[in-house]
Amino acid sequence: MSESYKTVIGLEVHVQLLTKTKLFCGCLNRFGLPPNTATCPVCLGLPGSLPVMNREAFRLALKAALAFNCRIASHPGQPPSFTKWDRKQYYYPDLPKNYQISQYDLPFSHDGWLEIQSPAPKRIGIIRAHLEEDAGKNLHDESGKGGDTRVDLNRTGTPLLEIVSEPEMNSAEEAVAYLEEILLMMRELGVSNCEMQEGSLRCDANVNVHVPQGEWFAATPLVEIKNLNSFRAVGRAIKYEAERQFQEFQKDPAGYRIDKIAKTTAGWDDARGRTEVQRHKEEAADYRYFPDPDLVPVIVSGEQIEAARAEMGELPQRQRLRLASQYGLSPYDADVLTAKGRKTVAYFEAVAAILGEGKAAANRMSDLIFPALSERKEEIEEFPIAAPLFAAFVQKTGPLSKQDRLDLLHHMLEQGVAIDLAMQATGIKPQTFDESTLRAAVVAAIGANPKAVADFKKGKDAAKMSIVGAVMKANKGAPSELVRKLVDEELAKV
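Rules of the game
Residues numbered from 1 in each chain as written. Predicted model: local features only at pLDDT ≥ 70, side-chain atom pairs only at ≥ 80, totals over all residues. Heavy atoms only, no water. Helix = DSSP H or I, 4+ residues; strand = E, 2+ residues; numbered from the N terminus. Rg over C-alpha atoms; globule rule 2.2 N^0.38 Å. Buried < 20%, exposed > 50% of the residue type's maximum accessible area, 1.4 Å probe, protein only. Contact = heavy atoms within 4.5 Å. Lys, Arg positive; Asp, Glu negative; His and termini not counted. Charge placed at Lys NZ, Arg CZ, Asp CG, Glu CD. 1 Å grid on protein atoms, 1.4 Å probe; cavity = no way out; pocket = protein on both sides within 12 Å on 5 of 7 lines; lining within 4 Å. Points joined across faces, edges and corners; volume = space filled by probe spheres on them. Nonpolar A, V, L, I, M, F, W, Y, C, P; charged D, E, K, R; others polar.

Enquirer: Before we go on, may I ask you to explain the overall build of the protein in this structure?
Expert: Scanning the protein for helices and strands turns up 15 helices and 17 strands. Compactness check: the protein gives a C-alpha radius of gyration of 29 Å against a globular reference of 23 Å for 494 residues, more than 25% above the reference. Principal-axis analysis of the C-alpha atoms places the extent of the protein at approximately 90 × 55 × 55 Å. Burial status across the protein gives 48% buried among its 494 residues. In the protein, 67% of the contacts between residues at least 6 apart in sequence involve partners at least 24 apart. A distance of 3 Å separates the average location of the 61 positive side-chain charges in the protein from that of its 67 negative side-chain charges.

Enquirer: Would you take a moment to explain the layout of surface pockets for this structure?
Expert: A probe as big as a water molecule, rolled over the atoms, marks out the empty space that is left. When its volume is computed, the second largest pocket comes out at roughly 480 Å³. Forming the walls of the second largest pocket are 18 residues, and the residues nearest its centre are E180, L183, L184, A339 and K340. Contributions of two or more residues to the lining of the second largest pocket are made by α2 (172-188) and α6 (331-339). Per-element tally for the lining of the second largest pocket: the top contributor is α2, with 9 residues. Taken together, the residues that form the lining of the second largest pocket break down as 7 nonpolar, 3 polar and 8 charged.

Enquirer: I'm lost on unusual backbone geometry in this one. Help?
Expert: Residues apart from glycine generally show negative phi values, whereas peptide bonds are mostly found in trans. Cis peptide bonds are those with omega within 30 degrees of zero, and the linkage from S118 to P119 qualifies with 0°. Mapped onto the elements of the fold, P119 is located in the loop between β6 (109-116) and β7 (122-133). Of note in this structure, A73 is not a glycine but carries a positive phi near 45°. Classification of A73 as buried rests on a relative accessible area of 1%. One non-glycine residue, D111, adopts positive backbone phi at about 55°. Residue position: D111 is located in strand β6. What makes D111 partly exposed here is its relative accessible area of 46%.

Enquirer: Would you take a moment to explain the environment of Q78 for this structure?
Expert: Looking at the secondary structure, you find Q78 in the loop between β2 (71-72) and β3 (82-83). Expressed as a C-alpha distance, the spacing of Q78 and E306, which sit 228 residues apart in the sequence, is 21 Å.

Have a look at this one:
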């Protein structure tokens, strides 16, 4: 947030659900099929065809809604858990019916929240999370030579969950953290793979700024940014648009206001790093919503809700708190593990249980396993060193340097051997050091470094590291934790 203004952001996120078939027909819901091969009379909107709701799509959406802490179809004047389908009318070449089946005034879930962790813990309200069908895809000629636009209708009718947030994010960092939390949760629950490059997670950002005006503030016109193809693009677009709006306000403080200019839609040009206004935004009345006459309303039963809850497992927010309290991890370490997914957390817990200590397990995974997985392009379940073998590795390499640990792990991975054989083959193994011998070395190093001792006594705590370094250099392979402890003890006597 700039000191000159406050950025206000609301996000509309579309998540494609992991169903085998589309929302209202039996066509395959699969990315990468040849164009226009996954279509039928229902998703093409041909006369006489009738939609039938996909039960699995509703089950997945219900699970997601509960994870977002939403109320399930609780609408005044309506039966409990009553929700219906609506037609949203508009014309676009990739929408063959000229309407989209969506939900308008009675969405199946609403009034929820999602907590983000970065840059600081914060709860973001969720207005609604409702089901709707997707449109197709226009393939434009990008050469600039005036070629044809082709239309692929494979995506038409695929199930989407639209998640609409309150405008409660105030920085690009918060918006990206919100998206990352949605991605993690949807993957953990098996609701969506959230691959932005495949279009299974898409995001529009509604942005304006509030400029202080004495005791009040002036709000700039709302701009909805589209064509955001990565989390990085989301962050860049929000920062650019907020500053652009502030500069426009500076030019015309009386006229550039939210009540003077209609909401507009802008596209993000990632190559040029700027937004481009496309059109004025339609309001709900422009879409001429009305209840879909071909689909019956849905009543969500208490049994369905409880069944969905039972399938959810431990959600990320609760998992972070448990890892921190149960294993003594810092909030940062707990967040890193949780962000890697449930299978990584399970691996960590297996290692920690053997070691009897969580911090060492987390540190060694961060130092060794995560870089190895990235280099080998593997997931944790593919990693050839099982949790018990890695726990043995941690136990036997504690006194070694980071480089020695890396060399041993590399040998284990290359040769497919356990830690004992790796130590025999490489000759890398901990040396045994008598504590009294190390203490004598510490006393000698303190006597040989009077300047470091003087600086330490003046309050420069880092000065003691030169003494630690001298001892470690003279006693290669000595356990650094023990050396630091002895240095602290002997310095206290000086």
